[in-house]
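One-letter residues, chain by chain:
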Amino acid sequence: MYSTLLMAATAVQGSSEWSPKVAIVMIICNILAIAFGKATIKQQNVGPALPSPALFGGMGLGALLGTTSFGHVLGAGVILGLSRLGVI
């Protein structure tokens, strides 16, 4: 059952291969997710600190991993949507 779902998910019509446009869209989505997390997370510096915390405005490792995970999910949706529309 799971292999059928996996084959259906990988054979999505309209998906695009990697290109610089796809990379730029993913980078922009991650920057937006970090900015959103910076504005909404109350305790950003809880947990292990990053090697250079000033680079991400004092965010801890957990907040950074959470926001970039959200950025990748957001980016995957945007890339699939834009490739389906034929933009990228």
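Residues numbered from 1 in each chain as written. Predicted model: local features only at pLDDT ≥ 70, side-chain atom pairs only at ≥ 80, totals over all residues. Heavy atoms only, no water.

Caption draft 1: Spatial organisation of the UniProt feature "transmembrane region" (unreviewed entry) in the chain. Within this structure's numbering, the places UniProt gives as "transmembrane region" (unreviewed entry) are residues 21-41 and 61-82. Annotation note: span residues 21-41, helix share 95%, strand share 0%, distance between end C-alpha atoms 30 Å. In this annotation, residues 61-82 is assigned 100% helix and 0% strand; the end-to-end C-alpha distance for the span is 31 Å. (UniProt positions renumbered as here; feature names shortened; annotations may be inferred. Helix = DSSP H or I, 4+ residues; strand = E, 2+ residues; numbered from the N terminus.)

Caption draft 2: Quick look at helix 3 (residues 61-85). Counted at 1.5 Å a residue, the expected span for helix 3 with its 25 residues is 36 Å, and the 36 Å between its end C-alpha atoms agrees. The complete set of buried residues in helix 3 reads Ala-63, Leu-64, Thr-67, Gly-71, Gly-75, Ile-79 and Ser-83. On its buried face, helix 3 sits against helix 2 (20-40). Of the residues trailing helix 3, Gly-86 is marked for its positive phi of about 85 degrees. (Expected span 1.5 Å × (residues − 1). Buried < 20%, exposed > 50% of the residue type's maximum accessible area, 1.4 Å probe, protein only. Contact = heavy atoms within 4.5 Å.)

Caption draft 3: Inspection of the nonpolar core at higher detail. Counting five residues, the largest nonpolar core is built from Ile-34, Leu-50, Met-59, Ala-63 and Leu-64. If we ignore the near neighbours within four places in the chain, the residues touching Met-59 are Ile-34, Lys-38, Gln-44, Leu-50, Pro-53, Leu-64 and Thr-67. (Core = buried A, V, L, I, M, F, W, Y, C linked by side-chain atoms within 4.5 Å.)

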